[in-house]
Amino acid sequence: MNQPITVIELKANSILISPETPQPIGLFSYNIKMQIHLTIYHPRHAGILSAAIELKTDAVILLHRTEDDISGLKSAIQSRGIKCQSETITFDTQLVREQIVRLIDENTNNLLTLNASSSYNKLVLLAFEQFNAFGLPVFMVDKFTNHLHWLSTQSKSPEQQQRPNQIDSELGHHIKLKEYLKSFNTQILDHGQTTPEPESSRQLTQWIIGQLDKSDKAIASLNYMAMSADSNHRYEMSQHDLKDHKLQHLLDHFATAGKLTVRGRKLKFKDQESRFYSNGGWLENHVFGLLYGMRKNRPALADIAKGMTIVRNQGTVRNELDVAAICHNRLHIIECKTRRFSNSKADKSAANTAIYRLDTIKSISGGHSGRAMLVSYQALNRYTLSRAKDLGIYCCSHKQLKQLERHLYQFIDQQSIH
């Protein structure tokens, strides 16, 4: 038998507080009316920080489960000059109702709005029930479209003009990589590169892209040489390498661009940066350069970096993001690969590792709205493509690289459940 919905009667400043009732924190007891968002934290959902910035709120009341770590989000909110009050919440229906009413009562002198963007459906519905009963406004941020939707607006009153304009709209592009990652308890150890590569490198990269289907094996050989070079960036070529005309032609172009020198069988990369470029870094540079140039057509591309190193929850396991961007207030990460993914067992395993790594990072550091893309110089086998599709990872490989910019636009513009 369904229980009837209970709406708790509210009289301003007159609610009875028992010893078990959480005491008012009083953080927001000011004479000036404050714009305050009440919201329920979910470890995989965004939409709290972006909405608070967009609606120019003065403070956020953050309800969270005991086991959830809100330190990152709270810090990100406060770094924007927005006050943040937090308290724990349970899933007990009656206790949640009482808690919501208490918070409404404590803020009768402020302008309180419910941000219903969390996916804890029961908690959100209970909060919505009470806000709706007391004529208080409710909105949510769609995690896939970056649009703010008003679900319930207050009745006309003299205070109406003090509220934000209650019209459905796309959120502005305010959030940067550092604070977005922080809100998901991810720290940046190295910001990586934030400006494009030099012109000489860009010209060489364009030439490499033009060699699709012509120099695939030579590119793979150069990758191996760069990976296998000693601590002085030296590598000794075999007789087979010397007889490989396509490889030698490739090395000539890299030597002309100042990336390496060749004397007989001795190959030496100019420095660590040139070695990285030769070991597939050119593809990362290419992707980053295209995204960097796309900003003039896509203002939603609020931040972008290459080679960023991150760590979760002050941990020790580091992850490097080949290319990372914030677009439409969503984290977009791109993995760039130049190795060959054939149908062999070893290559399938390597491809799976790349796919699952991408899926893990986008989920823990970008939440449910995070997006990921795999860019591969070599062709991807059907098995890998199928795995990527299942996990919602966008792929662009081999001949598609000639239209990479178009694919990048599609990747950042796509509004999907992935």
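Residues numbered from 1 in each chain as written. Predicted model: local features only at pLDDT ≥ 70, side-chain atom pairs only at ≥ 80, totals over all residues. Heavy atoms only, no water.

Engineer: So what exactly am I meant to see when it comes to the overall build of the chain here?
Structural biologist: Regarding its fold elements, the chain presents 13 helices and 16 strands. When each of the 418 residues of the chain is scored for burial, the buried share is 51%. Counting only carbon and sulfur atoms, one obtains 50% of the accessible surface of the chain, whose full area is about 20,100 Å². (Helix = DSSP H or I, 4+ residues; strand = E, 2+ residues; numbered from the N terminus. Buried < 20%, exposed > 50% of the residue type's maximum accessible area, 1.4 Å probe, protein only. Areas by Shrake-Rupley, 256 points an atom, 1.4 Å probe, with all protein chains shown as cover.)

Engineer: Is there a simple way to explain the sheet that holds strand S11 (residues 266–269) in this structure?
Structural biologist: Two orientations exist for strands paired in a sheet by backbone hydrogen bonds: parallel and antiparallel. Taking strand neighbours across the sheet as the criterion, the three strands line up as S9-S11-S10 in an open arrangement whose pairing is antiparallel. Taken across any chain shown, the strands that pair with only one partner, and hence form the sheet edges, are strand S9 (234–236) and strand S10 (260–263). Strand-to-strand twist of the sheet, defined as the mean angle between neighbouring strand axes without regard to direction, takes the value 20 degrees. Bridge count for S9 against S11 is three bridges, and the pairing is antiparallel. (Pairing = 2+ DSSP bridges. Axes fitted to C-alpha atoms, helices over the stretch in contact; angles between N-to-C directions.)

Engineer: Sorry if this is basic, but what is going on with the packing of aromatic side chains here?
Structural biologist: Aromatic ring pairs: the centre-centre distance and the angle between the two ring planes describe each pair. Within the structure shown, the criterion is met by eight aromatic pairs. Judged by centre distance (5.3 Å) and plane angle (35 degrees), the ring pair of Tyr180 and Phe184 falls under tilted. For Phe184, a relative accessible area of 4% translates into the label buried. Aromatic pair Tyr224 and Tyr235: ring centres 6.5 Å apart, planes at 85 degrees, arrangement edge-to-face. Of this pair, Tyr224 sits in helix H7 (residues 216–228) while Tyr235 sits in strand S9, and the two are 11 residues apart along the sequence. Relative accessible area serves as the criterion here: at 47%, Tyr224 is assigned to the partly exposed category. Note on Tyr235: relative accessible area 16%, which makes it buried. (Phe/Tyr/Trp six-rings, centres within 6.5 Å; stacked < 30°, edge-to-face > 60°.)

Engineer: For this particular structure, what's the right way to read the environment of Cys396?
Structural biologist: Residue position: Cys396 is located in strand S16 (residues 394–397). Once the C-alpha coordinates of Cys396 and Met373 are considered, the two residues, 23 residues apart in sequence, prove to be 7.8 Å apart.

Engineer: Whenever I open this one, the pattern of salt bridges confuses me. Can you help?
Structural biologist: Side-chain pairs of opposite charge can arise whenever the charged atoms involved come near each other. Enumeration according to the criterion identifies 14 salt bridges in this entry. One salt bridge connects Lys399 with Asp213, and the closest N-O pair in it is separated by 3.4 Å. Of this pair, Lys399 sits in the loop between S16 and helix H13 (404–413) while Asp213 is found in the loop between helix H6 (199–209) and H7, placing the two residues 186 residues apart along the sequence. The exposed category is assigned to Lys399, whose relative accessible area is 51%. (Salt bridge = Lys/Arg side-chain N within 4 Å of Asp/Glu carboxyl O.)

Engineer: Where do I start with the packing of H6 against helix H10 (residues 272–294) in this structure?
Structural biologist: Packed helix pairs are specified by the crossing angle of their axes together with the interaxial distance, meaning the distance between the axes. Following both chains from N to C, one finds H6 and H10 inclined at 95 degrees, their axes separated by 10 Å at the closest point. As summarised for this structure, H6 and H10 are arranged roughly perpendicular, according to the angle between their axes. Along its contact with H6, which presents Ser201, Leu204, Thr205, Gln206, Ile208 and Ile209, the element H10 presents Tyr277, Trp282 and His286. (Parallel < 35°, antiparallel > 145°, perpendicular 65-115°, else oblique. Contact = heavy atoms within 4.5 Å.)

Engineer: I tried to follow the nonpolar core on my own but got confused; where do I start?
Structural biologist: The tendency in soluble globular proteins is for nonpolar side chains to be buried side by side. Counting residues in each nonpolar core, the largest one holds 47 residues, and the members touching the most others are Leu291 and Ile334. Sort the elements by how many residues they give to this core and H10 lands first, with eight residues. Here Ile334 is in contact with Val287, Leu291, Asp322, Val323, Met373, Val375, Leu408 and Phe411, once residues within four sequence places are set aside. Grouped together as the second largest cluster of nonpolar side chains are 37 residues, Ala52, Leu321, Ile393 and Cys395 included. (Core = buried A, V, L, I, M, F, W, Y, C linked by side-chain atoms within 4.5 Å.)

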